[in-house]
Amino acid sequence: MTPLGRARSWASAPVALLRLDGAGAILDANDTFRGWLDDGTARDLLGTRLSALLSVGGRIYWETHLAPLLRLQGRVEEIAVELRAGGTPRPVLLSAELHGGHGEGDGDTLIDVALFDARERSRFERELVASRAEAERFAASVHTLLVTTTALARAAGVEGVCEALVHAAVREFRAGAAAVWLVESEGKPRLRAQRGDGPFDEPSTTLLTDLADAAHAGGTAGGLGVDPDLGAAADGDASGDATGDATGDATGDATGDATGDVVELPDGHVVVPLSGADAFHGVLVLEPRLRAGDDTLDLGALAATGQQGGVALDRAVLHEQSISVAHELQRAMLTDELPQPDRARISTDYRPAERSLEIGGDWYDAFWVDDVTLALAVGDVVGHGLQSATAMGQLRTVVRSCAESGVGPAGVLGHVDRFVRRRGVGFGTTLVYAELDVTTGRLVFACAGHLPPLVTRPGGGAGFLWQGRWPPLGVATLVAAQAERTSAAAVRSGRQAGAPLSTEPEAGELELSSGDVLWFYTDGMVERRDRSLHRGLEVFAQAAAGAPGAADEDLVSSLLGGDLNEHDDACVLRLEWDAPRRSGHGAGRA
């Protein structure tokens, strides 16, 4: 290429080309660069420092980084800077190479610079960053919904759902504070859960009514006439301050902005309706954080959380209603009016598990076998739920029907065991059954896999009754049947058969003395997840020995105090021998 052609190529190159002296002043620039800076004025670029044509940040970067780096290594490539001259800012990529001397002030130092137009690249990068931020926000929203939905699915009961909602609002949605208000049967809101220190006044009836109407209509809360203050006056007050200030201006109701089903109130609170399939349950109220740099609340995710919370409340309300019916059924099957013989005083107590909403199969019973024989029973059906409660009712009836004079505790357990085996009801149930001669204090008892009865003495001593042990109901009969089949097979093969297993339990006996207290109980009184059964029995014995006059109506709490089993039912029957005489009672039946 001729020198003239080379010069023309340099002047019309598609990139901006410059030649600078050692101080960074422009010695020459091609037409492309001059075209970038053409602002309608005849600008003479010669002698102008390139840094003076850059943005403030680019100027600082040139002086503190680019110029020293050029002197150190003689070359830099694709440095993103921004030209500010010539009208609109122009992002460019700068590459430069130093020629000649390396000391400052050298007259023979030259710097060749190439600037590439990066407007399209910058636009792409901005779109890429925006898309990445949107994807990150979406991923965070999905994660928040996943965590919140999982917590709602695990929540037990209405209180558990409400606690899960406020926990998610503060922890996952990063609200400053949150509260759940549920609408009671009479239409009044009630605070059911709160987290954080935000001031949460009672939601106005107007707000709740509008949200409920929108939920029943299947629409959204957009355009609802809502009170700007959660503690607004009652319906019918036509005046109010739209900003929440007490200025007395009659501006009427304020209208909140809505995203989906979420309402933003002028006072800053965010209200999320909790609507189920067929019912409006209440609202989740959030107070956003006001610190600089805090993200705004994700209203779309909040709307989805409100829907999930409403469904969870549907499920919790239905479940609690079913549990209430089942508990009433269970209590109806427990003996209400206990017999009270002349020389004994009987008291009982039953406490359902606090954390489990399913009913258990614990029961107690006391009834007359004949004029002088009092039957005492405490049992525990395996499992929880309505099926266990039904099995408990059947076994209680069977025990009563099998208890006759002359049969005795061992015989009664034998009959009940065969019933369990034949009917397939209550397999593995544990049961302690005893008969007390109320004229002598002689106690005969038998335990089918149940925890041993406890006797406490007036002097403070205590002892467990380990006699009369037998496997849980249905187990012994099953084992005996298998043993019989094994023995028959041995006989047929010519081998010697083993000794037959007994299918009848043996009974234990005890003579009660004046002041003795007999305790029958279920595993909820002694079993804990953080200690052994042996230790649980020791703790129970110490508590029983130290509470001879425990309150009849609250035996479980008086014995265990704050050590209640939250995961299992607890049942206890207490008989105090030679109790103070009651007027009007005979020697036998009360």
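Residues numbered from 1 in each chain as written. Predicted model: local features only at pLDDT ≥ 70, side-chain atom pairs only at ≥ 80, totals over all residues. Heavy atoms only, no water.

(A) Fine view of the overall build of the protein. When helices and strands are counted, the protein shows 12 helices and 24 strands. Across the protein, contacts joining residues at least 24 apart in sequence account for 63% of those joining residues at least 6 apart. With the model as given, the accessible surface of the protein reaches about 29,300 Å², and the carbon-plus-sulfur share is 51%. (Helix = DSSP H or I, 4+ residues; strand = E, 2+ residues; numbered from the N terminus. Contact = heavy atoms within 4.5 Å. Areas by Shrake-Rupley, 256 points an atom, 1.4 Å probe, with all protein chains shown as cover.)

(B) The arrangement of the nonpolar core in detail. Among the nonpolar cores identified, the biggest contains 54 residues, and Leu376, Tyr433 and Leu575 are the most heavily contacted of them. Apart from the residues within four sequence positions on either side, Leu575 is in contact with Ala344, Arg345, Ile346, Leu374, Leu376, Leu436, Leu512, Asp516, Val517 and Leu518. (Core = buried A, V, L, I, M, F, W, Y, C linked by side-chain atoms within 4.5 Å. Buried < 20%, exposed > 50% of the residue type's maximum accessible area, 1.4 Å probe, protein only.)

(C) Molecular detail of the packing of helix α8 (residues 386-402) against helix α9 (residues 408-423). For the pair α8 and α9, interaxial distance at closest approach is 9 Å and the crossing angle is 140°. When the interaxial angle is binned, α8 and α9 end up oblique. In this structure, α8 crosses over α9, and the sense of that crossing is right-handed. On α9, the residues that touch Leu395, Val398, Val399 and Cys402 of α8 are Val412, His415, Val416, Phe419 and Val420. Its residues assigned to classes, the contact of α8 with α9 shows 8 nonpolar, 1 polar and no charged. (Axes fitted to C-alpha atoms, helices over the stretch in contact; angles between N-to-C directions. Parallel < 35°, antiparallel > 145°, perpendicular 65-115°, else oblique. Left-handed = near helix turned anticlockwise from the far one by under 90°. Nonpolar A, V, L, I, M, F, W, Y, C, P; charged D, E, K, R; others polar.)

(D) View of the sheet that holds strand β1 (residues 16-21). Taken in spatial order, the 5 strands line up as β2-β1-β5-β4-β3 in an open sheet, and their pairing is antiparallel. Edge positions in the sheet fall to β2 (26-29) and β3 (75-83), since each of these pairs with one other strand and no more. The sheet shows a mean angle of 25° between the axes of neighbouring strands, direction not considered. Across 6 bridges, β1 lies against strand β5 (residues 110-117) in antiparallel orientation. Bridging across to β5, Leu20 finds its partner in Ile111. The strands touched by helix α3 (residues 56-73) are β1, β3, β4 (90-99) and β5; relative to β3, the strand with the most contacts, the crossing angle is about 165°. (Pairing = 2+ DSSP bridges.)

(E) Just unusual backbone geometry, in detail. Unusually for a residue other than glycine, Glu78 sits at a positive phi of about 50°. A residue is classified by how much of its surface remains accessible, and Glu78, at 56% relative accessible area, is exposed. Look at Arg174: it is not a glycine, yet its phi comes out positive at around 65°. For Arg174, the position within the fold is in the loop between α5 (157-171) and β6 (177-183). Judged by relative accessible area, which is 47%, Arg174 ranks as partly exposed.

(F) Molecular detail of the layout of surface pockets. Computed from the structure, the largest pocket encloses a volume of approximately 350 Å³. Take the lining of the largest pocket: its biggest share by element is 4 residues, from helix α4 (residues 119-154). (1 Å grid on protein atoms, 1.4 Å probe; cavity = no way out; pocket = protein on both sides within 12 Å on 5 of 7 lines; lining within 4 Å. Points joined across faces, edges and corners; volume = space filled by probe spheres on them.)

(G) Summary view of the pattern of salt bridges. Going through the model one piece at a time under the given rule, you end up with 21 salt bridges. Notably, a salt bridge pairs Arg121 with Glu125, separated by 3.1 Å at the nearest N-O pair. Here Arg121 pairs with Glu125, and both are found in helix α4, just 4 residues apart, close to one helical turn. On the basis of relative accessible area, Arg121 is assigned to the partly exposed category, the value being 44%. The partner of Asp516 in a salt bridge is Arg457, with the nearest N and O atoms 2.5 Å apart. Here the residue Asp516 occupies a position in the loop between β22 (508-511) and β23 (517-521), and Arg457 occupies one in the loop between β19 (454-456) and β20 (462-464), the gap between them amounting to 59 residues. Each of the salt bridges in this network shares a partner with another, and the network as a whole consists of Arg75, Glu77 and Glu97. (Salt bridge = Lys/Arg side-chain N within 4 Å of Asp/Glu carboxyl O.)

(H) Structural context of α4. Over its 36 residues, α4 runs 52 Å from end to end, which matches the ideal 52 Å to within 8%, given 1.5 Å per residue. Turning to α4, its buried residues number three or more, namely Ser122, Ser141, Thr144, Thr148 and Leu152. (Expected span 1.5 Å × (residues − 1).)

(I) Focus on the packing of aromatic side chains. One pass over the structure, following the stated rule, counts 3 aromatic pairs. Seen in terms of ring centroids, Trp519 and Phe540 are 6.3 Å apart; in terms of plane orientation they differ by 85°. Their pairing is edge-to-face. Residue Trp519 is located in strand β23, and its partner Phe540 is located in helix α11 (residues 533-545); the two are separated by 21 residues in the primary sequence. Assessed through its relative accessible area of 0%, Trp519 is described here as buried. You can call Phe540 buried: its relative accessible area is 1%. Between the aromatic rings of Tyr521 and Phe540, the centroid separation amounts to 4.5 Å while the plane-to-plane angle is 45°, which identifies the pairing as tilted. You can see Tyr521 sitting in strand β23 and its partner Phe540 sitting in helix α11, a full 19 residues away along the chain. By relative accessible area, which is 1% here, Tyr521 ends up buried. (Phe/Tyr/Trp six-rings, centres within 6.5 Å; stacked < 30°, edge-to-face > 60°.)

(J) Structural context of the sheet that holds β19. With antiparallel pairing, the 5 strands of this open sheet are ordered in space as β14-β24-β23-β19-β20. Since the sheet does not close on itself, it has two edges, and those belong to β14 (344-351) and β20, each with one partner. Along the sheet, successive strands turn relative to each other by an average axial angle of 15°, direction set aside. Lying on the sheet, α11 is in contact with β19, β20 and β23; it crosses β19 at an angle near 35°.

(K) Up close: the pairing of β23. Taken across its 5 residues, β23 has 5 buried, putting it largely inside the fold. Both faces of β23 are covered, namely the face carrying Val517, Trp519 and Tyr521 and the face carrying Leu518 and Phe520. Here β19 pairs with β23 via 3 bridges, running antiparallel. Paired with Thr456 across the two strands is Val517, which belongs to β23. Across 5 bridges, the pairing between β23 and strand β24 (residues 570-577) is antiparallel. If you follow Val517 over to β24, its bridge partner there is Glu576.

(L) Quick look at the packing of α4 against α5. It is the contact of α4 with α5, at a shortest axis distance of 8 Å, that shows an interaxial angle of 165°. Considering their axes alone, α4 and α5 lie roughly antiparallel with respect to each other. Classified by chirality, the crossing of α5 by α4 is right-handed. Residue-level contacts link Thr148, Ala151 and Leu152 of α4 to Val161, Ala164, Leu165 and Ala168 of α5. Residues of the contact of α4 with α5, tallied by class, amount to 6 nonpolar, 1 polar and no charged.

(M) Molecular detail of the confidence of the model for the protein. For the protein, the mean per-residue pLDDT works out to 80, and 78% of the residues sit at or above 70. Under a pLDDT of 50 for its full length, residues 219-258 has, in the predicted model, 76 contacts with residues more than four places off or in other chains. Contacts for the low-pLDDT stretch residues 582-587, under 50 throughout, to residues beyond four places or in other chains number 12 contacts. (pLDDT = per-residue confidence, 0-100.)

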